[in-house]
Amino acid sequence: MNSSYRAIYAVVSDIPPGNVATYGQVASLAGLHGQARRVGYALSVSPDSLELPWHRVINARGAVSARTRTKLHVMQRQLLEQEGVKFFCGKVDLQRFQWAPLSCSS
DNA sequence: TTTATGGCTGTCA
DNA sequence: ATGACAGCCATAA
């Protein structure tokens, strides 16, 4: 566990319900520009006790990434739809659901 | 130390 | 629009 991981977890924990963020976006916000892959790894090993909204992190195409070993991506989609995020052909409309940390939503 | 794999992404043909 | 490629980095073997 290092500061980078904490930064990643901190960013993820700030994503509000009904919104999503991309791995690259989280990486940048955590001060790890270009290290999107590291974000995915960090989340994959994050302890459940942190209760992070990991399901709100998807890939740059607006779709949930398929896991190689698990089926969590299935539950991930359910959790998102449960929060109001709508899928169209397996993808999310990032224009509308992507988290905008500093935006004026009015 | 080298290789392979993993919840990615931007660029280029 | 779509697919191939090359960077990015942590871990495990």
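Throughout, a residue's number is its position along its own chain's written sequence, starting from 1. In the order they appear in the text, chains get letters beginning with A and ligands get numbers beginning with 1. For a predicted model such as this one, the threshold for reporting local features is a pLDDT of at least 70, and the threshold for listing and counting side-chain atom pairs is 80 or more; totals across whole chains, interfaces and linings nevertheless cover every residue. To obtain the side-chain values, all non-hydrogen atoms of the structure were included, while hydrogens and water were left out.

**Focus: the nonpolar core**
Here the nonpolar core consists of buried residues drawn from Ala, Val, Leu, Ile, Met, Phe, Trp, Tyr and Cys, with membership extended through side-chain atoms lying within 4.5 Å. Residue exposure (1.4 Å probe, protein chains only): buried if accessible area is under 20% of the type maximum, exposed if over 50%, otherwise partly exposed. Counting 18 residues, the largest nonpolar core has Ile 8, Tyr 9, Val 12, Val 26, Val 39, Leu 43 and Val 57 as the members making the most contacts within it. Comment: elements are numbered from the N terminus, with helices defined as DSSP H or I runs of at least four residues and strands as E runs of at least two. Secondary structure elements with two or more residues in this core: helix H1 (3–13), helix H2 (23–29) and helix H3 (36–45). Take this core: its biggest share by element is five residues, from H1. Counting eight residues, the second-largest nonpolar core is a separate cluster that includes Ile 58, Val 85, Val 92 and Leu 94.

**Quick look at unusual backbone geometry**
One can expect most non-glycine residues to show negative phi and most peptide bonds to be in trans. The phi dihedral of Glu 51 falls on the positive side, at around 50°, and the residue is not glycine. Structurally, the position occupied by Glu 51 is in the loop between H3 and strand E2 (57–58). On the basis of relative accessibility, which here comes to 70%, the residue Glu 51 falls in the exposed class. Despite not being glycine, Cys 89 has its phi angle at roughly 55°, a positive value.

**Here's the deal with the layout of surface pockets**
Detection works on a 1 Å grid of protein atoms alone, calling trapped sets that fit a 1.4 Å probe cavities and calling open sets with protein on both sides within 12 Å along at least five of seven lines pockets, with lining residues defined by an atom within 4 Å of a point. Grid points are joined across faces, edges and corners, and a volume is the space filled by probe spheres set on the points. In this structure, the largest pocket encloses a volume near 760 Å³. Per element, the largest residue contribution to the lining of the largest pocket is six residues, and it comes from H3. Amino acid classes used here: Ala, Val, Leu, Ile, Met, Phe, Trp, Tyr, Cys and Pro are nonpolar; Asp, Glu, Lys and Arg are charged; the rest, including Gly, are polar. The residue makeup of the lining of the largest pocket, split by class, is 10 nonpolar, six polar and five charged.

**Brief notes about the protein's contact with DNA strand B**
A molecule or strand has a residue near it when one of that residue's heavy atoms lies within 4 Å. Taken together, 15 residues are adjacent to DNA strand B, and Tyr 23, Arg 37, Asn 59, Ala 60 and Arg 67 come closest. Protein-adjacent atoms of DNA strand B, using a 4 Å cutoff, are sugar or phosphate at a proportion of 48%. Polar contact criterion, stated in full: a pair of N or O atoms within 3.5 Å, where within protein one must be able to donate a hydrogen and the other to accept it, and residues adjacent in sequence count only if both atoms are side-chain atoms. Between DNA strand B and Arg 37 there is a distance of 2.7 Å, counted from a base nitrogen to a side-chain nitrogen or oxygen. Here a base nitrogen of DNA strand B and a backbone polar atom of Val 57 are 3.4 Å apart. For the surface near DNA strand B, the secondary structure elements donating two or more residues are H2 and H3.

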